[in-house]
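Coordinate analysis (summary)
As a plain string of letters, each chain reads:
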Amino acid sequence: RLFVELEGAKPQARLVVVGSHQALGWWDPGRGAPLEWTGRAWETVEPLILPDVSGQLDFKFVRLGDGAPRWEEGRNRVIQVPAAARGASHGGAGAGAAEMLLTASLAEP
């Protein structure tokens, strides 16, 4: 299971994390994992269950609001997902899986 925490000032839009996995919407901002403001940082609403990850996960942050989605600039972010954090193959979603916390910073435009 993956928890995402994004540090930075609270923007006036919604944020999602999208990427190369179903839990991240397969790069579709409309299906990305929503983030919520906690007063200190943006965090995933629920931990992300990552079954069938091959070990590397590419992702970006996207701001949603008025107009077209605003993608984070630059190269994709990459996380190496250890086997223990990839979700369980039996016993229910995420049963027995390790947990990871990903902390990132996002520059304001």
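First things first, this report covers the structure right here in the doc. Worth saying up front: this structure is predicted, and the values here are computed from it rather than measured. (Residues numbered from 1 in each chain as written. Predicted model: local features only at pLDDT ≥ 70, side-chain atom pairs only at ≥ 80, totals over all residues. Heavy atoms only, no water.)

1. Remarks on the overall build of the protein chain
What counts, and what does not: Elements are defined by DSSP. Helices are runs of H or I of four residues or more, strands are runs of E of two residues or more, and each kind is numbered from the N terminus. Relative accessible area decides the class of each residue, using a 1.4 Å probe on protein chains only: under 20% of the type maximum gives buried, over 50% gives exposed, and in between gives partly exposed. Contacts are assigned to residue pairs with any non-hydrogen atoms lying within 4.5 Å of each other. For the area figures, the Shrake-Rupley method with a 1.4 Å probe applies, and any residue is considered shielded solely by the protein chains shown.
Scanning the protein chain from N- to C-terminus turns up 0 helices and 8 strands. Listing every helix and strand of the protein chain by position from the N terminus yields β-β-β-β-β-β-β-β. The buried share among the 109 residues of the protein chain stands at 39%. Contacts in the protein chain between residues at least 24 apart in sequence constitute 62% of all its contacts with a sequence separation of at least 6. Surface accessibility of the protein chain: about 6,200 Å² in total, with carbon and sulfur atoms responsible for 50%.

2. Quick word on the pattern of salt bridges
Short version of the rule: Salt bridges are counted wherever a side-chain nitrogen of Lys or Arg sits within 4 Å of a carboxyl oxygen of Asp or Glu.
Evaluated as defined, the whole model comprises 1 salt bridge. The partner of Arg-77 in a salt bridge is Glu-72, with the nearest N and O atoms 2.6 Å apart.

3. Regarding the pairing of strand S2 (residues 14–19)
What counts here: Should DSSP find at least two bridges between two strands, the strands are taken to pair.
Among the 6 residues of S2, 5 are classified as buried, and the element is accordingly described as predominantly covered. Pairing of S2 with strand S5 (residues 56–64), which is carried by 6 bridges, proceeds in the antiparallel orientation. Residue Val-16 lies in a different strand from S5, and its bridge partner there is Val-62. As defined by bridge partners, S2 adjoins strand S3 (residues 33–37) across 3 bridges and the pair is classed as antiparallel. By the bridge assignment, Val-16 is partnered in S3 with Pro-34.

4. Details of the packing of aromatic side chains
Ring pairs (aromatic) are described by centroid distance and by the angle formed between their planes. Heads up, the rule is: Classification of ring pairs rests on two measures: the distance between centres of Phe, Tyr or Trp rings, Trp counted by its six-membered ring, which must be within 6.5 Å, and the angle between planes, read as stacked under 30 degrees, edge-to-face over 60 and tilted in between.
Within the structure shown, the criterion is met by 3 aromatic pairs. Considering the side-chain rings of Trp-27 and Trp-71, the 6.4 Å spacing of their centres and the 25 degrees angle between planes classify their relative orientation as stacked. In this pair, Trp-27 is assigned in the loop between S2 and S3 and Trp-71 in strand S6 (residues 70–71), connecting sequence segments 44 residues apart. Residue class for Trp-27 comes out partly exposed when judged on its relative accessible area of 28%.

5. Considering the side chain of Asp-58
The condition that has to hold: Note that His is not counted, nor are the chain ends; the positive residues are Lys and Arg, and the negative ones are Asp and Glu. A 3.5 Å cut-off defines polar contacts: any pair of N or O atoms within that distance qualifies, except that in protein one atom must be a possible hydrogen donor and the other a possible acceptor, and neighbouring residues in sequence count only when both atoms are side-chain atoms.
Tracing the backbone through its elements, the reader meets Asp-58 in strand S5. The buried charged residue Asp-58 lacks any salt bridge, with Arg-75 as its nearest oppositely charged partner at 7.9 Å. Here the side chain of Asp-58 touches Gln-56 through a polar contact of 3.1 Å, side chain to side chain.

6. Overview of the environment of Phe-61
Along the polypeptide, Phe-61 turns up in strand S5. As a C-alpha pair, Phe-61 and Trp-71 span 10 residues in sequence and 6.4 Å in three-dimensional space.

7. Re the environment of Leu-64
Tracing the backbone through its elements, the reader meets Leu-64 in strand S5. C-alpha separation for the pair Leu-64 and Pro-29, spaced 35 residues apart in sequence, amounts to 7.9 Å.

8. Notes on unusual backbone geometry
Of note in this structure, Trp-26 is not a glycine but carries a positive phi near 50 degrees. Backbone geometry at Trp-27 places phi at a positive 70 degrees, although glycine is not the residue there.

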